[in-house]
Amino acid sequence: MRIEWQVAFWLLMLVLASLGLYMFASVLAPFVAALILGYVLDPVADRLEKLGLSRLLATLVIVAAFVVVLTIVIFVLAPVLGRQVVGFAESLPVYAAKLQTLATEQAAELLQKYGGEWLQRFGLDGANASESIQKSLGNFVGQGVQWFGNFLKGIWSGGQALVGIVTLTVITPVVTFYLLLDWDKMIAVLYSLVPPRHRPSVLEIAGDIDRALSGFLRGQSLVCLFLGLWYGVGLSLIGLNFGFLIGTSAGLLSFIPYVGSLTALVFAAVVAIVQGWPHLGLFGMAMGVVFAGQFLEGNFLTPKLVGGSVGLHPVWLIFALLAFGSLFGFVGMIMAVPAAAAFGVLVRFAAARYKKSPLFHGMDLDTP
């Protein structure tokens with residue numbers, strides 16, 4: 001087969017796969033989650049097999065343990081988080097209004113104290129300037145609250161359209177069980193479909209992708225777990241309202257580079273200022289918890305647990321998350337990092353082959 005036909009064939013397969021993901025995105029979440037779990041847990045099943053268990057028994061043990069842990073987490077955390085989510089949603093307009101008032105008063109006071117002379121030189125009235133600041137802040141805070149409300153509604157409606165919590169918790173373990181049970185057989189079937197002349201290259205690429213994905217998924221999951229506990233427990237201990245909700249949300253969002261830390265910083269700062277005003281002790285303690293978590297993440301956790309396993313720049317990861325999320329919704333968000341890692345491996349492999357090809361060297365070779 002000519003190279004042009006091969007390229008056309010694989011491009012057609014890519015288009016069909018993307019079209020299928022787009023069409024069936026509303027029902028794919030439990031299957032994609034099960035596929036990721038199967039990939040992560042397959043080494044555990046292999047280890048149990050080496051200890052003498054059959055594949056069926058090893059799969060049953062893993063799935064049962066997963067269901068028990070998931071059930072405990074849901075029954076322990078769901079009531080606490082549920083109450084805090086409802087309370088935070090009800091308190092958000094109050095916090096926004098109070099923050100607007102505080103910002104307006106402080107800005108007007110500083111403007112009159114330090115900027116009055118400059119305003120007079122430009123022919124401006126301090127009262128009009130304060131009114132303009134209040135109006136601008138009001139519009140900014142109002143738009144921010146509206147955006148955040150629409151964001152929460154989008155997550156909720158997207159979750160409902162997707163599958164719902166019940167579907168995820170019921171279907172995902174079942175699909176994971178069957179995937180784990182037949183994982184090695186599925187890999188063998190896929191390997192048998194690769195033309196023999198291409199198997200060394202495919203094995204090399206698959207090995208690089210496997211190392212990138214396994215390192216990132218395991219390491220980043222531990223980072224998210226630690227940060228969720230650190231922020232949630234720390235902010236709760238200092239008495240910050242909705243501290244556990246802010247902390248666990250920031251921990252989960254830490255899967256996206258910088259988003260989790262920024263979430264903890266912004267929401268902890270806003271709630272601490274409004275709750276503790278006019279004293280700044282609570283604000284200082286909240287910032288101490290957040291900055292300590294960021295220091296531990298940046299200097300110890302991420303370098304030790306994740307390192308450069310994915311081999312992708314954080315900007316590319318953020319772009320992949322936004323692009324896949326926009327195209328395929330929540331399913332795209334789940335698939336974004338694996339797809340970006342695989343694409344990065346393919347690009348590096350193609351670049352290495354290109355540098356060894358006559359196309360690269362022929363332009364620099366001068367033949368007599």
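Rules behind the numbers
Residues numbered from 1 in each chain as written. Predicted model: local features only at pLDDT ≥ 70, side-chain atom pairs only at ≥ 80, totals over all residues. Heavy atoms only, no water. Salt bridge = Lys/Arg side-chain N within 4 Å of Asp/Glu carboxyl O. Buried < 20%, exposed > 50% of the residue type's maximum accessible area, 1.4 Å probe, protein only. Helix = DSSP H or I, 4+ residues; strand = E, 2+ residues; numbered from the N terminus. Axes fitted to C-alpha atoms, helices over the stretch in contact; angles between N-to-C directions. Parallel < 35°, antiparallel > 145°, perpendicular 65-115°, else oblique. Left-handed = near helix turned anticlockwise from the far one by under 90°. Contact = heavy atoms within 4.5 Å. Core = buried A, V, L, I, M, F, W, Y, C linked by side-chain atoms within 4.5 Å. Phe/Tyr/Trp six-rings, centres within 6.5 Å; stacked < 30°, edge-to-face > 60°.

(A) Fine view of the pattern of salt bridges. Per the stated rule, a full pass over the model turns up five salt bridges. R55 serves as the salt-bridge partner of D46, at 2.8 Å between the closest nitrogen and oxygen. When its relative accessible area of 23% is taken as the criterion, D46 is described as partly exposed. Classification of R55 by relative accessible area gives buried; the value is 12%.

(B) Summary view of unusual backbone geometry. A positive phi angle, close to 60°, is found at F242, a residue other than glycine. Take F242: it is sitting in the loop between α8 (199–237) and α9 (243–253). Judged by its relative accessible area of 14%, F242 is buried.

(C) Representation of the packing of α8 against α9. Running from N to C, α8 and α9 cross one another at 165°; their axes reach a closest spacing of 7 Å. In terms of orientation, α8 and α9 fall into the roughly antiparallel class. With respect to the hand of their crossing, α8 and α9 are arranged in right-handed fashion. For the pair α8 and α9, the contacting residues are C224, L227, G228, Y231, G232, L235 and S236 in the first and G243, F244, I246, G247, T248, A250, G251 and L252 in the second.

(D) Main features of the nonpolar core. Among the nonpolar cores identified, the biggest contains 24 residues, and Y231, L235, L240, A268 and A286 are the most heavily contacted of them. Mapped by element, the contributors of at least two residues to this core are α3 (55–114), α8, α9, α10 (259–276) and α11 (281–306). Among residues more than four places away in sequence, those in contact with L235 are W230, L240, G243, I246, G247, A268, A286 and V289. If you look at the next biggest cluster of nonpolar residues, it comprises eight residues, including L41, A45, L48 and F177.

(E) Focus on the environment of F216. Positionally, F216 belongs in helix α8. What makes F216 buried here is its relative accessible area of 5%. Once the C-alpha coordinates of F216 and T302 are considered, the two residues, 86 residues apart in sequence, prove to be 9.7 Å apart.

(F) Region of interest: the packing of aromatic side chains. This model, assessed by the stated rule, comprises three aromatic pairs. For the pair F177 and Y178, a centre-to-centre distance of 5.2 Å together with 75° between the ring planes defines the contact as edge-to-face. Owing to a relative accessible area of 17%, F177 belongs among the buried residues under this scheme.

(G) Structural context of the environment of A58. With respect to the helices and strands, the residue A58 is situated in helix α3. Judged by its relative accessible area of 0%, A58 is buried. Sequence separation between A58 and L180 is 122 residues; the distance between their C-alpha atoms is 9.1 Å. Not counting chain neighbours up to four residues away, the residues in contact with A58 comprise A45, L48 and L53.

Structural measurements only, silent on function.
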